[in-house]
Amino acid sequence: MSDLYLSRMRRWLLGSPPAEWVIKRLRETLIGALSQGPIPAHVAFEMDGNRRYARSHKIETIEGHHLGFEALARVLEVCYKCGVKVVTVYAFSIENFHRPRYEVDGLMELAKSKLEQLMEHGALLDRYGASVKVLGRLDLVPPDVLEVVERAVATTAGNTKCVLNICFPYTSREEMATAIRSTVEEYSTTPRPHSTPFSQNRITQKILSKQTGLTDTLEPIIESPPSNQSDDFDDSVSTTTTLHSDTPAFKSGNADAVAIYPNAETITPETIDKHLYTADCPPLDIFVRTSGVERLSDFLLWQCHQNTHIFFLKCFWPEFDLWHFLPVLVEWQWRQKQSARDERPRRRVKQA
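Parameters at a glance
Residues numbered from 1 in each chain as written. Predicted model: local features only at pLDDT ≥ 70, side-chain atom pairs only at ≥ 80, totals over all residues. Heavy atoms only, no water. Axes fitted to C-alpha atoms, helices over the stretch in contact; angles between N-to-C directions. Helix = DSSP H or I, 4+ residues; strand = E, 2+ residues; numbered from the N terminus. Parallel < 35°, antiparallel > 145°, perpendicular 65-115°, else oblique. Contact = heavy atoms within 4.5 Å. Nonpolar A, V, L, I, M, F, W, Y, C, P; charged D, E, K, R; others polar. Pairing = 2+ DSSP bridges. Salt bridge = Lys/Arg side-chain N within 4 Å of Asp/Glu carboxyl O. Buried < 20%, exposed > 50% of the residue type's maximum accessible area, 1.4 Å probe, protein only. 1 Å grid on protein atoms, 1.4 Å probe; cavity = no way out; pocket = protein on both sides within 12 Å on 5 of 7 lines; lining within 4 Å. Points joined across faces, edges and corners; volume = space filled by probe spheres on them. Expected span 1.5 Å × (residues − 1). Arc of directions from axis to C-beta. Core = buried A, V, L, I, M, F, W, Y, C linked by side-chain atoms within 4.5 Å. Lys, Arg positive; Asp, Glu negative; His and termini not counted.

**Student:** Before we move on, could you go through the packing of helix α2 (residues 17-34) against helix α4 (residues 61-82) and cite the residues and values that matter?
**Tutor:** At a minimum axis distance of 9 Å, the contact between α2 and α4 shows a crossing angle of 45°. Relative to α4, α2 is oriented oblique. Residues Arg27, Glu28, Ile31 and Leu34 of α2 form the contact with α4, whose own contacting residues are Val78, Lys81 and Cys82. When grouped by side-chain class, the residues that make up the contact of α2 with α4 number 4 nonpolar, no polar and 3 charged.

**Student:** Provide a residue-level description of the sheet that holds strand β3 (residues 130-135), including the pertinent values.
**Tutor:** Judged by pairing direction, the sheet is parallel, and its 6 strands sit side by side in the order β3-β4-β2-β1-β9-β10 without closing on themselves. Only two strands of the sheet have a single partner each, and these edge strands are β3 and β10 (309-312). Sheet twist, expressed as the average angle between the axes of neighbouring strands with direction ignored, equals 15°. Bridging between strand β1 (residues 42-46) and strand β2 (residues 86-90) involves 4 bridges; their strand directions are parallel. Across the sheet, the residue bridging to Phe45 is Val89, located in β2.

**Student:** Kindly report on the pattern of salt bridges, identifying the contributing residues and their values.
**Tutor:** Here the structure, examined in full by the defined rule, presents 15 salt bridges. The salt bridge involving Glu46 is made with Arg289; its shortest N-O contact spans 3.3 Å. Placement of the pair is Glu46 in strand β1 and Arg289 in strand β9 (residues 286-289), with a sequence separation of 243 residues. The same class applies to Glu46 as to Arg289, namely buried. A salt bridge links Arg127 to Glu77; the nearest nitrogen and oxygen atoms lie 3.1 Å apart. With Arg127 in helix α6 (residues 123-128) and Glu77 in helix α4, the pair connects residues that are 50 residues apart, well separated along the chain. Overall, Glu77 belongs to the partly exposed group, its relative accessible area being 24%. Each of the salt bridges in this network shares a partner with another, and the network as a whole consists of Glu46, Asp48, Arg52 and Arg289.

**Student:** Explain the layout of surface pockets residue by residue, including any values.
**Tutor:** Quantified by volume, the largest pocket comes out at close to 980 Å³. Elements supplying a minimum of two residues to the lining of the largest pocket: α3 (50-56), α4, β2, α5 (101-120) and β4 (162-167). When residues in the lining of the largest pocket are grouped by element, the largest group, 7 residues, is from α5. Of the residues assigned to the lining of the largest pocket, the class counts are 21 nonpolar, 10 polar and 11 charged.

**Student:** Provide a residue-level description of helix α7 (residues 143-155), including the pertinent values.
**Tutor:** Between the first and last C-alpha of α7 there are 18 Å, a value that for 13 residues agrees with the 18 Å anticipated at 1.5 Å per step. Regarding α7, the residues found buried are Val145, Val148, Val149 and Ala152. Looking straight down α7, one finds that the buried residues subtend no more than 105° of arc, so they occupy a single side. Of the exposed residues in α7, the ones pointing more than 90 degrees away from its buried face are Pro143 and Ala154. Tucked into the core, α7 has its buried residues touching α5 and β3.

**Student:** Go over the pairing of β1, please, and point to the residues and values.
**Tutor:** Where burial is concerned, most of β1 is hidden: 5 out of the 5 residues are buried. Burial along β1 is two-sided: His42, Ala44 and Glu46 facing one way and Val43 and Phe45 facing the other are all buried. As paired elements, β1 and β9 share 4 bridges and run parallel to each other. Each residue of the ladder has a partner; that of Glu46, found in β9, is Arg289.

**Student:** Let's hear about the pairing of β10: which residues, and what values?
**Tutor:** Here β10 shows a buried face lined by His309 and Phe311 and an unburied face lined by Ile310 and Phe312. Alignment of β9 against β10, held across 4 bridges, turns out to be parallel. Counterpart to Ile286 in the pairing with β10 is His309.

**Student:** Give me the nonpolar core: which residues, what numbers.
**Tutor:** Soluble globular proteins: nonpolar side chains tend toward being buried together. The biggest cluster of nonpolar side chains holds 51 residues, and the ones touching the most others in it are Phe45, Val87, Leu164, Phe168, Phe320 and Phe325. Ranked by residues supplied to this core, first place goes to α4 with 8 residues. In terms of nonpolar packing, the next biggest core, distinct from the first, is built from 11 residues, Ala44, Tyr90, Leu135 and Tyr170 among them.

**Student:** Talk me through the side chain of Lys114; I want residue IDs and the actual numbers.
**Tutor:** Here Lys114 is to be found in helix α5. For the buried Lys114, which has no salt bridge, the nearest side chain bearing the opposite charge is Glu70, at an N-O separation of 5.7 Å.

**Student:** So what's going on with α5? Which residues, and what values?
**Tutor:** The end-to-end C-alpha distance of α5 is 29 Å, a good match for the 28 Å that 20 residues give at a rise of 1.5 Å each. Every buried residue of α5 is listed here: Glu103, Val104, Gly106, Leu107, Met108, Leu110, Ala111, Lys112, Lys114, Leu115 and Leu118. Residues of α5 that are buried in the fold lie against α3, α4, α6, α7 and β4.

Here it is, written out as structure tokens:
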């Protein structure tokens, strides 16, 4: 028999009602069994291979992207049924704007139509209480697509159980640059000047009094009443800032005021985390990339930490389903149990 004939027979058998019923029951059983073990809180998918899948099956490139969206819907249902709280997908890279114009326009139209489908037939997101968040340079998105993006985000804003992060258009370097700019802006903005307990006028008068010995002839210093703010400054601010003559404190005529800037030495990785697009998301547990390419390609570079488990799969994204995701979840759960077993002797040593 030819391969084409066998392929058609296989599709016919799997599409028959008895086979569909059996497969559905088996899926539910597997997902229920997986839910009994540890579940990742945050899973990311780099949906790669749509174009190569289209070429290998001799279909239009845009049709490959359509099939990729259907694969995303299947995977989202599996993740949310298992109990995953946050799913992040790489939908469109900023670098993709360098592709042929017709393909970029087709991807934008695809994103627009699929987001409209989510709003019109959003049973999947509503069923699991998932909200949509679009992360990236939205200023690069065409106005008609941006309008649909904003409506999709607003429509699902009331869902609070799960999150679907769509990175569109996005690169990790751009995200980190944005976070650093926000951090610099936060740490370089001059806050309201604070009064110091030792004013410049009082110090000057004390020095002159000791030098001249004529304390009675010096005019008394009238100090302004202390503010309600505590004199115990936080360790996270610097108290040695030098004011120049054009700073707000001098312009206001208050020579005794000192501007308190946040101390740059207190900037930590957690500080940068707070300014990332994923600031409200849990740490990344699983990173999956399809199509056999073994690199991150500027996706969630900062979020991939020492406990992130990275999986590179051979299948193209349109082929990705439960049967490809099942080994990933099983291996992650096994690694979690291994880590828990390795931690027990360390805890006993510390307690001893």
